[in-house]
Amino acid sequence: MELRELVSALNDFAPLSLAEGWDNVGLLVEPSPPHTVNTLFLTNDLTEEVMEEAVQKKANLILSYHPPVFTPLKRVTWKTWKERLVVRALEHRIGIYSPHTAYDAIPHGVNNWLTKGLGACTSVPLHPSPAPSYPAEGTHRVEFCTNTEHLDIALSKIKDIQEISCLTTFPARVEGEEQTRVTLNCSQKALLEVVALLSQNSLLYHKTEILLLQKPLLPHTGMGRLCTLSEPVSLSNIIERIKSHLKLPYIRIAMGMGKTLESPVKKAALCAGSGSSVLKGTEADLYLTGEMSHHDVLDAVANGISVILCEHSNTERGFLSELRDVLATHLQNKINIIVSEKDRDPLQVA
């Protein structure tokens, strides 16, 4: 497949609009076109060791779940390891694509895979994703009525305000008088200016309606998951299930206040990777994530919530094998897809 065709297909699989605003997702390194992709190489973290593996396996595009280029690079030299990744990629005409939090949000993504470690359960996103392009531009809709005398003046001043869209006018009859109804969409910043302008004319101000434009939430899409188990299971049983699912000999456990290994778990909140901000404040029997801050663990424990930590990328990497099979179907088996054998969490138990 041509690179641009493949990137388009990957974006269809997981729209980048679902990624968090702070994230750096999409095509990060692009060899000069035309660029044909015969082998797609999947990894959780793109380290130098993994890059050499990709070179040896003649990959044409690396899909790295974590973006190897996150903060801006001021130069591309041989001095730092992230710069060297870019150099090696371009030398060997290998593209780099990262989906990161877009894969966290999608219904068939990383967090959905992680729920399978709990056993039979139903789940909903902890922070549902809003539809990216609905209902329209802007955060608010403003509507007001005015007579012909004030219409031209009001419109001329409104048109000078930035971040206003969908400005329309149409005839309206108000209290037996022929008037013009004006509607517009605007940003939060522009709303302050519009209200300030309309408040200068009491007749306009008292006939103004302001509506908040809320985007509908996408079903089964968003950050984190709140899982309700089909049957309550002891904490010790859940621990064994998670270790088996993640193929880990050890995990870290902090038991909630008053809880034991035999305490039942009915609701579990989880977030792949670093889950503190996503899980915080959620009512559950258990938090499952890769890593949390010390004080967030203390808060959870004090509230009677047990915490299981598995190290950051251990809660993500196992998804790659499932992703390989799903992407093969999505891409109609047009390219070879392989999973890195060198990719691993940097932390080990000694």
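Residue numbers run consecutively from 1 along every chain, following the written order of its sequence. In keeping with the predicted nature of the model, local features appear solely for residues at pLDDT of at least 70, side-chain atom pairs appear and are counted solely at 80 or more, and the whole-chain, interface and lining totals rest on all residues. With hydrogens and water excluded, all non-hydrogen atoms of the structure serve as input to the side-chain values.

A. Structural view of the packing of helix α1 (residues 3-13) against helix α12 (residues 319-330). Axis definition: a line fitted to C-alpha atoms, over the contacting stretch in the case of helices. Angles run 0 to 180 degrees between N-to-C directions. Each helix is a run of H or I in the DSSP string that is no shorter than four residues. Each strand is a run of E no shorter than two, and both are numbered from the N terminus. Where α1 contacts α12, the two axes come as close as 11 Å, and the packing angle between them is 115°. In this structure, the crossing between α1 and α12 has a hand that is right-handed. On α12, the residues touching A9, L10, D12 and F13 of α1 are L323, V326, L327 and H330. Residues are grouped as follows: Ala, Val, Leu, Ile, Met, Phe, Trp, Tyr, Cys and Pro are nonpolar; Asp, Glu, Lys and Arg are charged; every other residue, Gly included, is polar. For the contact of α1 with α12, the class distribution of residues is six nonpolar, one polar and one charged. By convention the crossing between two helices is left-handed if the near helix lies anticlockwise of the far one by an angle smaller than a right angle, and right-handed if it lies clockwise. Residue contacts are counted whenever heavy atoms from the two residues lie within 4.5 Å of one another.

B. Examining the sheet that holds strand β12 (residues 225-234) more closely. Any two strands between which DSSP finds at least two bridges are classified as paired. With mixed pairing, the six strands of this open sheet are ordered in space as β5-β12-β14-β15-β16-β13. Looking at the sheet topology across the chains shown, the edges are occupied by β5 (121-124) and β13 (252-254). Along the sheet, successive strands turn relative to each other by an average axial angle of 25°, direction set aside. Bridge count for β12 against strand β14 (residues 264-274) is six bridges, and the pairing is antiparallel. By the bridge assignment for β14, S234 is matched with P264. Contacting β13, β15 (286-291) and β16 (306-309), helix α11 (residues 294-302) crosses the sheet at an angle of about 145° to β16.

C. Structural context of unusual backbone geometry. Cis geometry is adopted by the peptide bond preceding P34, which originates at P33 and carries an omega value of 0°. Positionally, P34 belongs in the loop between β1 (26-29) and β2 (39-43). Positive phi values are uncommon outside glycine, yet E163 reaches one of about 65°. Looking at where E163 falls in the secondary structure, it is placed in the loop between α6 (148-158) and β8 (164-174). Relative accessible area serves as the criterion here: at 46%, E163 is assigned to the partly exposed category. Here the phi dihedral of K247 falls at roughly 55°; this positive angle occurs in a residue that is not glycine. Turning to its location among the elements, K247 is positioned in the loop between α9 (235-246) and β13. Think of it in three bands: with a 1.4 Å probe and only protein chains considered, a residue is buried below 20% of the maximum accessible area for its type, exposed above 50%, and partly exposed in between.

D. The arrangement of the pattern of salt bridges in detail. Salt bridges, as used here, are contacts in which a Lys or Arg side-chain nitrogen is within 4 Å of a carboxyl oxygen on Asp or Glu. Taken as a whole, this structure holds 17 salt bridges when the rule is applied. Ionic pairing is found between E49 and R344, a salt bridge with its closest N-O pair at 3.1 Å. With E49 in helix α2 (residues 48-56) and R344 in the segment after β17 (336-339), this pair connects stretches of sequence that are 295 residues apart. Of the charged contacts in the structure, one is a salt bridge between E91 and R88, with a shortest N-O distance of 3.4 Å. Here the residue E91 and the residue R88 both occupy positions in helix α3 (residues 81-91), the gap between them amounting to three residues, near one helical turn. Each of D45, R317 and D343 takes part in one network of salt bridges that share partners.

E. Broad picture of the pairing of β2. Of all the five residues making up β2, five are buried; the element is thus mostly covered by neighbouring parts of the structure. Neither face of β2 is left uncovered, since the one carrying T39, F41 and T43 and the one carrying L40 and L42 both have all their residues buried. Across four bridges, β2 lies against strand β3 (residues 61-64) in parallel orientation. Of the residues in β3, the one forming a bridge with T43 is S64. Here is how to tell: hold the view so the strands point away, follow the path from the first strand over the helix to the second, and if it runs clockwise the crossover is right-handed. Tracing the backbone out of β2, into α2 and back to the parallel element β3 gives a crossover that is right-handed.

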